[in-house]
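Listed below are the residues making up each chain.
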Amino acid sequence: MRERALNMQATAPEGYKAVLGLEKYARANVERTLYHLVKTRASVINGCAFCVDMHTQDALAEGEDVRRLFGVTAWREVPHFFNARERAALALTDAVTRISEGGVPDDVWAEVHAVFDEREAADLLLAISTINVWNRLAISTHMRPPNPPKAA
């Protein structure tokens, strides 16, 4: 297991607090179910085990269904697991997280604007962008989930 490379909170506390400020804003302004789904989806795409663990645990603690959390990994294959707002949020999460692959296509924005007002779309975009920052910090500094699960 790799040693943690850098403690961002201790080493650059002002920068860490700035990212945390975005996080607090997103948490307060995006409905909880969407918040957990986009945080989990971006973390899966980015391969951030620390964030996948944290956000799935938080979602489960708030009553999210375990099948939906597993379904986030292949959400386009189980569209009936998610409502229109959730599907639009997941599509936007995919596009923003993979931004280098062509940006956010017009059809994704059309889907978003069909079910979210401008403020909701902006807040959602901030939440998605923020989890991508957290993923990059966690992966780069070798953060790992605490307390490994017990073997079955």
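Preceding this paragraph is the structure being described.
Model, not experiment: these values are computed from the prediction.

A. The packing of helix α3 (residues 32–46) against helix α4 (residues 49–61), seen in detail. The N-to-C vectors of α3 and α4 enclose an angle of 160°; their axes lie 9 Å apart at closest approach. Classed by the angle they form, the pair α3 and α4 counts as roughly antiparallel. α4 is crossed by α3, and the crossing has left-handed handedness. Seen from α3, the contacting residues are Tyr35, His36, Lys39, Thr40, Ser43 and Val44; seen from α4, they are Cys51, Val52, His55, Thr56, Asp58 and Ala59. For the contact of α3 with α4, the residue count by class is 5 nonpolar, 5 polar and 2 charged.

B. Geometry of the layout of surface pockets. The space that makes up the largest pocket amounts to roughly 340 Å³. In terms of lining, the largest pocket is formed by 23 residues, of which the most central are Tyr16, Phe50, Cys51, Met54 and Trp134. Secondary structure elements with two or more residues in the lining of the largest pocket: α1 (8–11), α2 (13–29), α3, α4 and α8 (118–140). A class-by-class count of the residues in the lining of the largest pocket yields 12 nonpolar, 5 polar and 6 charged.

C. Looking closely at the side chain of Thr130. The topology assignment puts Thr130 in helix α8. With a relative accessible area of 2%, Thr130 lands in the buried category. If we skip the residues at most four places from it in the chain, Thr130 touches Val19, Leu22, Glu23 and Lys39.

D. Molecular detail of the pattern of salt bridges. Evaluation of the coordinates by the stated rule reveals 10 salt bridges. Lys39 is paired through a salt bridge with Glu23; the nearest N and O atoms lie 2.8 Å apart. Taken as a pair, Lys39 in helix α3 and Glu23 in helix α2 lie far apart in primary sequence, 16 residues in all. Between Arg119 and Asp123 there is a salt bridge whose closest N-O contact spans 3.2 Å. Taken as a pair, Arg119 and Asp123 lie in helix α8 at a separation of 4 residues, close to a single helical turn. Arg119 sits in the partly exposed class, given a relative accessible area of 49%.

E. Summary view of the packing of aromatic side chains. Applying the stated criterion across every chain, the model contains 2 aromatic pairs. A centroid spacing of 5.3 Å and a plane angle of 65° characterise the contact between Tyr16 and Trp134, whose relative ring orientation is edge-to-face. Here the residue Tyr16 occupies a position in helix α2, and Trp134 occupies one in helix α8, the gap between them amounting to 118 residues. We classify Trp134 as buried; its relative accessible area is 14%. On the numbers, 6.3 Å between centres and 55° between planes, the contact of Phe81 with Phe82 is tilted.

F. Quick peek at the packing of helix α6 (residues 84–97) against α8. α8 packs onto α6 with a crossing angle of 45° between their chain directions and a minimal axis gap of 10 Å. Between α6 and α8, the angle is such that the two are oblique. The crossing of α6 and α8 is right-handed. Contacts from Arg85, Ala89, Leu92, Thr93, Val96 and Thr97 of α6 reach α8 at Glu120, Leu124, Leu125, Ile128, Ser129, Asn132 and Arg136. For the contact of α6 with α8, the residue count by class is 6 nonpolar, 4 polar and 3 charged.

Parameters at a glance
Residues numbered from 1 in each chain as written. Predicted model: local features only at pLDDT ≥ 70, side-chain atom pairs only at ≥ 80, totals over all residues. Heavy atoms only, no water. Axes fitted to C-alpha atoms, helices over the stretch in contact; angles between N-to-C directions. Helix = DSSP H or I, 4+ residues; strand = E, 2+ residues; numbered from the N terminus. Parallel < 35°, antiparallel > 145°, perpendicular 65-115°, else oblique. Left-handed = near helix turned anticlockwise from the far one by under 90°. Contact = heavy atoms within 4.5 Å. Nonpolar A, V, L, I, M, F, W, Y, C, P; charged D, E, K, R; others polar. 1 Å grid on protein atoms, 1.4 Å probe; cavity = no way out; pocket = protein on both sides within 12 Å on 5 of 7 lines; lining within 4 Å. Points joined across faces, edges and corners; volume = space filled by probe spheres on them. Buried < 20%, exposed > 50% of the residue type's maximum accessible area, 1.4 Å probe, protein only. Salt bridge = Lys/Arg side-chain N within 4 Å of Asp/Glu carboxyl O. Phe/Tyr/Trp six-rings, centres within 6.5 Å; stacked < 30°, edge-to-face > 60°.

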